Amino acid sequence: MEYWLVIRWLVVYLFLFAAGLPIAAVICPRLADRGAGIALPVSLAVIGIVGYWVGRLSFGWVALGAGLFVLGGLSVSIYLRTPVDIERRPAIEAAVVFTLAFLFLVAVRAVDPAVHPSGGEKFLDYGLLGSLLRAPTLPPEDMWFAGEPVKYYYGGHMLSALLTELTFTEARYAYNLALAGFYAMLVTAAYGQQDRSEHRLVRLGPLLARSVLFCRRCE
């Protein structure tokens, strides 16, 4: 297993999580965790929306840089100009839950990390990721029909490609690390919607198990 890549992706995810906390707290003030459970998806949504439109002109580092610039600007401006109340405990819990879920699915995928042509949509997902990493602009080239733009939704694949660029990772490793990140975001968001009791972490085990079953059914 490439342990350094796992650490690198986890650090990037947590950095984006921290950047999304002020934004999530403003748009979801009534949630029990003040939006901490969806802070990372909020950050990726900002990067993805900006990256998509900029990517129509130039994809890759230009689109990624624009997305990070807007995310950083929003986060800093909200934090400085708005009285945002970010509770420390829910934020730390969300970061811990994300880390555990991320490492859990990395361990699961490490058993058989290969992308098999017969393995559901894995081959298609990996092909779209590769096409996006080679694309100078959006939409990327269709992996099944050379010379033509892809006619398929690729939002998640685009986010994976931007994260791959940000972490300087080869596509063969990035596929499973991005998959683990999306899984961990699902678990963290679900965890954040639970009631604020003292025993929420005890429920994390069953939540991880149910999430794995859900992901298996979606393949």
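This text follows the structure it describes.
### Some details on the overall build of the chain
Thought 1: If you tally the helices and strands in the chain, you get 8 helices and 0 strands.
Thought 2: Sorting the 219 residues of the chain into buried and exposed places 47% on the buried side.
Thought 3: When contacts within the chain are restricted to residue pairs at least 6 apart in sequence, those whose partners lie at least 24 apart make up 69%.
Thought 4: Here the chain has roughly 11,700 Å² of accessible surface; of this, 67% comes from carbon and sulfur atoms.

### Examining the packing of aromatic side chains
How two aromatic rings sit relative to each other is given by the distance of their centres and the angle of their planes.
Thought 1: Overall, the coordinates contain 10 aromatic pairs when judged by the stated rule.
Thought 2: Both rings, one in Tyr13 and one in Phe102, keep their centres 5.6 Å apart while their planes meet at 70°; by these two values the pair is edge-to-face. A residue pair is termed long-range when its members are at least 10 positions apart, and Tyr13 in helix 1 (residues 3–27) and Phe102 in helix 4 (residues 88–111) qualify at 89 residues. Taken as a pair, Tyr13 and Phe102 share a single burial class, namely buried.
Thought 3: Taking 6.3 Å as the distance between ring centres and 35° as the angle between the ring planes, the aromatic pair formed by Phe104 and Tyr183 counts as tilted. Taken together, the residues Phe104 in helix 4 and Tyr183 in helix 7 (residues 171–192) connect sequence positions 79 residues apart.
Thought 4: On the accessibility criterion, Tyr183 (2% relative accessible area) is buried.
Thought 5: Three or more aromatic residues joined by ring pairs make a cluster, and in this case those are Trp9, Tyr13, Phe98 and Phe102.

### As for the pattern of salt bridges
Thought 1: Under the defined criterion, the tally for this structure stands at 2 salt bridges.
Thought 2: Glu93 is the salt-bridge partner of Arg89, the closest N and O atoms lying 3.1 Å from each other. Of the two residues, Arg89 and Glu93 are both situated in helix 4; the distance of 4 residues between them amounts to about one turn of the helix.
Thought 3: Residue classification places Arg89 among the partly exposed positions, given a relative accessible area of 41%.
Thought 4: One salt bridge connects Arg172 with Glu170, and the closest N-O pair in it is separated by 2.9 Å.

### Concerning the packing of helix 3 (residues 61–81) against helix 6 (residues 155–167)
The relative placement of two packed helices comes down to the angle between their axes together with the axis-to-axis distance.
Thought 1: Across the interface, helix 3 lies against helix 6 with an axial gap of 10 Å and an inter-helix angle of 90°. Here helix 6 runs roughly perpendicular to helix 3, going by the angle between their axes. Counted together, Trp61, Leu64 and Leu68 of helix 3 and Leu162, Glu165 and Leu166 of helix 6 form the full contact between these two elements.
Thought 2: Of the residues contributing to the contact of helix 3 with helix 6, the split by class is 5 nonpolar, no polar and 1 charged.

### So, the packing of helix 2 (residues 39–55) against helix 6
Thought 1: Across the interface, helix 2 lies against helix 6 with an axial gap of 10 Å and an inter-helix angle of 95°. Taken together, the axis directions place helix 2 and helix 6 in an arrangement best described as roughly perpendicular. From helix 2, Leu44, Ile47, Gly48 and Tyr52 reach across to helix 6, where they touch Met158, Leu159, Leu162 and Leu163.
Thought 2: Its residues placed into classes, the contact of helix 2 with helix 6 shows 7 nonpolar, 1 polar and no charged.

### Quick word on the nonpolar core
Where a protein is soluble and globular, its nonpolar side chains tend to be buried together.
Thought 1: Among the nonpolar cores identified, the biggest contains 58 residues, and Trp9, Tyr13, Leu16, Leu40, Phe59, Phe98 and Phe102 are the most heavily contacted of them.
Thought 2: Elements supplying a minimum of two residues to this core: helix 1, helix 2, helix 3, helix 4, helix 5 (122–134), helix 6 and helix 7.
Thought 3: Per-element accounting of this core gives the leading share, 13 residues, to helix 1.
Thought 4: In contact with Phe59, not counting residues within four places along its chain, are Gly51, Leu132, Ala135, Pro136, Thr137, Leu138, Met158, Ala161 and Leu162.

Rules used throughout
- Residues numbered from 1 in each chain as written.
- Predicted model: local features only at pLDDT ≥ 70, side-chain atom pairs only at ≥ 80, totals over all residues.
- Heavy atoms only, no water.
- Helix = DSSP H or I, 4+ residues; strand = E, 2+ residues; numbered from the N terminus.
- Buried < 20%, exposed > 50% of the residue type's maximum accessible area, 1.4 Å probe, protein only.
- Contact = heavy atoms within 4.5 Å.
- Areas by Shrake-Rupley, 256 points an atom, 1.4 Å probe, with all protein chains shown as cover.
- Phe/Tyr/Trp six-rings, centres within 6.5 Å; stacked < 30°, edge-to-face > 60°.
- Salt bridge = Lys/Arg side-chain N within 4 Å of Asp/Glu carboxyl O.
- Axes fitted to C-alpha atoms, helices over the stretch in contact; angles between N-to-C directions.
- Parallel < 35°, antiparallel > 145°, perpendicular 65-115°, else oblique.
- Nonpolar A, V, L, I, M, F, W, Y, C, P; charged D, E, K, R; others polar.
- Core = buried A, V, L, I, M, F, W, Y, C linked by side-chain atoms within 4.5 Å.

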